[in-house]
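Understanding the architecture of this molecule
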Amino acid sequence: MFATLSDRLADTFKNLRGKGRLSEADIDATAREIRIALLEADVALPVVKEFVGAVKERARGEEVSGALNPAQQVVKIVNEELVTILGGCATPRPARL
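The notes below deal with the structure included here. (Residues numbered from 1 in each chain as written. Predicted model: local features only at pLDDT ≥ 70, side-chain atom pairs only at ≥ 80, totals over all residues. Heavy atoms only, no water.)

Between the first and last C-alpha of helix α4 (residues 70-86) there are 24 Å, a value that for 17 residues agrees with the 24 Å anticipated at 1.5 Å per step. Of all the positions in α4, only P70, A71, Q73, V74, I77, V78, E81 and V83 are classed as buried. G87, located one to two residues past α4, shows a positive phi value of around 75°. (Helix = DSSP H or I, 4+ residues; strand = E, 2+ residues; numbered from the N terminus. Expected span 1.5 Å × (residues − 1). Buried < 20%, exposed > 50% of the residue type's maximum accessible area, 1.4 Å probe, protein only.)

All right, on to the nonpolar core then. Ranked by size, the top nonpolar core spans 20 residues in total, and within it I34, F51 and V78 carry the most contacts. Put simply, the parts of the chain that give this core at least two residues each are α1 (2-14), α2 (24-40), α3 (45-61) and α4. Discounting residues that sit within four places of it in the chain, V78 has contacts with F13, I34, F51 and V55. (Core = buried A, V, L, I, M, F, W, Y, C linked by side-chain atoms within 4.5 Å. Contact = heavy atoms within 4.5 Å.)

This brings us to unusual backbone geometry. Peptide bonds are mostly trans, and most non-glycine residues show a negative phi. Of note, D42 is a non-glycine position whose phi angle comes to about 65°, a positive value. Mapped onto the secondary structure, D42 falls in the loop between α2 and α3.

Taken as a whole and assessed by the stated rule, the structure comprises 9 salt bridges. One salt bridge connects D11 with K14, and the closest N-O pair in it is separated by 3.8 Å. In this pair, D11 and K14 are both assigned in helix α1, 3 residues apart and thus about one turn of the helix distant. For D11, a relative accessible area of 42% puts it in the partly exposed group. Look at K14 and you get partly exposed, because its relative accessible area is 46%. (Salt bridge = Lys/Arg side-chain N within 4 Å of Asp/Glu carboxyl O.)

This is how it looks when you write it as structure tokens:
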């Protein structure tokens, strides 16, 4: 299940590569693909709605970082929202030796 979800999300983000700026249509199409991927992974509809809404809101409001392209920026937003919705901590773990 997670492999399929990961593959679907990776394909969605791949479509954003090479874009200089995200349009409303890009954000809507990406949100639609994320919604479909989550629903196919049996995520509850209220959770999907909340998650996709938060991602869309942040993607529309965020300035693209100089260090990140639009695809990387969306990946960052999705990652942070996943951590938030799952109740995790977004701090990186120390490397294992």
